[in-house]
Amino acid sequence: MANEALWYYAIGFIIIWIVAILFRKQLKIDIEGPFLFRRTKRLRGLIDRIAQRSPRFWRYFLNVGIPVSIFFMGLMVVILVNSLGTLLEAPQVQVVLPGVDLPGQPIYVPIGYGLIALFIVLVVHEFGHGILARVEGIRIKSIGLALFAVIPGAFVEPDEEDTEKASKKARLRLYAAGSVFNLTTAAIALVISYALLYLLIAPVLAPAFYSDGVEITRVVPSSPADGVLSTGMVIHSINGQSIDDFSKYEAIVNSIQIGDEITFQTDEGTYHVKAGPNPNNKTDGYIGVQGQANIALKSGYPSYYEPLTQWVLYPLLELLNWIFVLNFAIGTINLLPARPLDGGLMLSELLDYKLSTPNVNRITNFLSIFLWTILIVSVVYGTGRGIAML
């Protein structure tokens with residue numbers, strides 16, 4: 001599946017580039033080195049109306065957001081530098097594409113939920129920049145989509161002269177806006193998730209269900225379980241030990257040693273897997289399976305509880321989870337103090353309060369090169385390592 005998804009992405013990006021090169025004038029696409037840009041002037045009116053409804057609120061909101069952004073700027077530097085300690089054994093920075101599952105990958109993002117959440121991330125981020133640009137009286141030249149080689153993105157293009165004329169604090173608000181909007185969206189998704197869990201699911205629906213084994217939700221490619229177990233199977237016992245709740249499943253799986261022969265009794269039959277070494281820790285046993293509690297409705301409860309839970313609430317919670325994860329992750333990564341990321345632009349403005357322009361440039365250039373070097377090496381090694389394990 002991972003190989004197929006990678007091929008789909010590769011073919012898709014090749015087609016996009018070929019079409020962009022052949023029909024750039026007809027499609028109004030700009031090609032600048034490894035970048036593709038599709039600019040439009042639409043949506044500027046909508047952004048302007050949102051901005052002008054309450055400029056005071058947006059300024060106050062971003063005044064609070066600036067110190068929050070500064071905190072995450074520092075935190076992300078610490079996290080990125082610390083990731084060097086586990087780079088060779090368990091790389092923490094990789095390109096994560098929805099639907100692509102690589103061995104040793106920190107997280108797997110389902111394609112449906114991932115694409116929806118990623119779309120929300122891009123819209124929220126760029127609308128944040130656009131709204132604050134108009135609040136500060138900065139004209140928006142264009143809005144659009146971008147493609148850096150194979151990495152998609154979106155952008156709001158503020159007028160350079162207006163931006164230069166704005167005050168330092170206005171520029172700080174402008175640069176912080178995208179990530180602050182992402183972090184706020186992540187917080188909203190988290191609050192809604194907890195509200196659903198603790199106001200509806202836990203008190204009303206949870207008592208109506210009982211745990212009936214563990215459903216396999218992911219089999220890591222090239223893992224010991226790959227080709228033996230498959231997603232959708234329900235595990236009822238492991239090595240003869242009944243799995244009647246998820247905590248028991250976790251306890252058994254966490255105790256597995258390298259070389260152990262594991263017998264899985266599932267709803268589709270009995271399967272045997274020999275545990276191998278964990279890609280991220282060669283001393284730990286590993287089978288390459290992730291799962292979730294398989295629940296069944298108790299007798300005496302309304303029959304609609306099951307479809308409501310399985311087909312509405314759980315998928316909604318899963319979507320909210322990925323909206324939270326991707327908005328938080330991309331919002332904070334964008335605050336790395338490395339140009340041209342928003343964190344790098346903010347750092348330049350902050351240093352400019354006390355230092356001369358040449359000193360500001362020296363510091364930001366050094367830090368940008370240092371952080372981008374770590375980031376690129378980590379991404380190339382981590383992603384390349386995962387592909388090589390397939």
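Here the structure is a predicted model, which is why all the values come from computation and not from measurement.

Asker: Would you mind going over the packing of aromatic side chains with me for this structure?
Answerer: Each aromatic ring pair is specified by the distance between its two centres and by the angle formed by the two planes. Applying the stated rule across the entire model yields 17 aromatic pairs. With centroids separated by 5.5 Å and ring planes inclined at 40 degrees, the aromatic side chains of Phe246 and Tyr249 adopt a geometry described as tilted. In this pair, Phe246 and Tyr249 both sit in helix α7 (residues 246-254), three residues apart, roughly one turn of the helix. Since its relative accessible area comes to 25%, Phe246 is described here as partly exposed. On the basis of relative accessibility, which here comes to 4%, the residue Tyr249 falls in the buried class. The interplanar angle of 5 degrees and the centroid separation of 6.3 Å between the aromatic rings of Phe366 and Phe370 together place this pair among those described as stacked. Taken together, the residues Phe366 and Phe370, both in helix α10 (residues 357-389) and four residues apart, mark about one turn of the helix. Ring pairs connect the aromatic residues Phe35, Phe37, Phe148 and Phe155, which therefore count as one cluster.

Asker: Just to check I follow, could you spell out the packing of helix α2 (residues 44-53) against helix α4 (residues 111-135) for this structure?
Answerer: When two helices pack together, their arrangement is given by the angle between their axes and by how far apart the axes lie. Direction vectors running N to C along α2 and α4 enclose 60 degrees, while the axes themselves pass 8 Å from each other. Taken together, α2 and α4 sit at an angle that is classed as oblique. The hand of the α2/α4 crossing is right-handed. Of the residues in α4, those in contact with Leu46, Ile47, Asp48, Ile50, Ala51 and Gln52 of α2 are Phe127, Gly130, Ile131, Arg134 and Val135. Of the residues belonging to the contact of α2 with α4, the class tally is seven nonpolar, two polar and two charged.

Asker: Honestly, helix α8 (residues 305-333) in this entry has me stumped. Any pointers?
Answerer: Three- or four-residue spacings in an α-helix give side chains the same orientation, since the helix completes a turn every 3.6 residues. The end-to-end C-alpha distance of α8 is 40 Å, a good match for the 42 Å that 29 residues give at a rise of 1.5 Å each. Along its length, α8 shows its largest kink, about 30 degrees, at Leu313, and proline Pro315 lies within four residues downstream of that point. Each element contacted by the buried residues of α8 is listed here: α3 (55-82), α4, α6 (168-205), β5 (209-219) and β12 (289-297).

Asker: Just to check I follow, could you spell out the pattern of salt bridges for this structure?
Answerer: Any two side chains of opposite charge can pair, given that their charged atoms come close. All told, the structure shown has 13 salt bridges when counted by the stated rule. As a salt-bridge pair, Arg134 and Asp48 come within 2.8 Å of each other at their nearest N and O atoms. Of this pair, Arg134 sits in helix α4 while Asp48 sits in helix α2; the two residues are 86 residues apart in sequence, bridging distant segments of the chain. Within this structure, Asp30, Glu32, Arg39 and Glu157 form a network of salt bridges that share partners.

Asker: What is the right way to look at the sheet that holds strand β2 (residues 35-40) in this model?
Answerer: Pairing between the strands of a sheet comes from backbone hydrogen bonds, and it takes one of two forms, parallel or antiparallel. Here four strands make up an open sheet; going across it, the order is β1-β2-β3-β4 and the pairing antiparallel. A single partner strand is all that each edge strand has here, and the edge strands are β1 (29-32) and β4 (151-158). Sheet twist, expressed as the average angle between the axes of neighbouring strands with direction ignored, equals 25 degrees. Strand direction decides the pairing type here: strand β3 (residues 140-148) and β4, joined by eight bridges, are antiparallel. The residue of β4 that forms the bridge with Ile140 is Pro158.

The rules behind these values
- Residues numbered from 1 in each chain as written.
- Predicted model: local features only at pLDDT ≥ 70, side-chain atom pairs only at ≥ 80, totals over all residues.
- Heavy atoms only, no water.
- Phe/Tyr/Trp six-rings, centres within 6.5 Å; stacked < 30°, edge-to-face > 60°.
- Helix = DSSP H or I, 4+ residues; strand = E, 2+ residues; numbered from the N terminus.
- Buried < 20%, exposed > 50% of the residue type's maximum accessible area, 1.4 Å probe, protein only.
- Axes fitted to C-alpha atoms, helices over the stretch in contact; angles between N-to-C directions.
- Parallel < 35°, antiparallel > 145°, perpendicular 65-115°, else oblique.
- Left-handed = near helix turned anticlockwise from the far one by under 90°.
- Contact = heavy atoms within 4.5 Å.
- Nonpolar A, V, L, I, M, F, W, Y, C, P; charged D, E, K, R; others polar.
- Expected span 1.5 Å × (residues − 1).
- Bend = angle between axes of the 7 residues up to and from the residue.
- Salt bridge = Lys/Arg side-chain N within 4 Å of Asp/Glu carboxyl O.
- Pairing = 2+ DSSP bridges.

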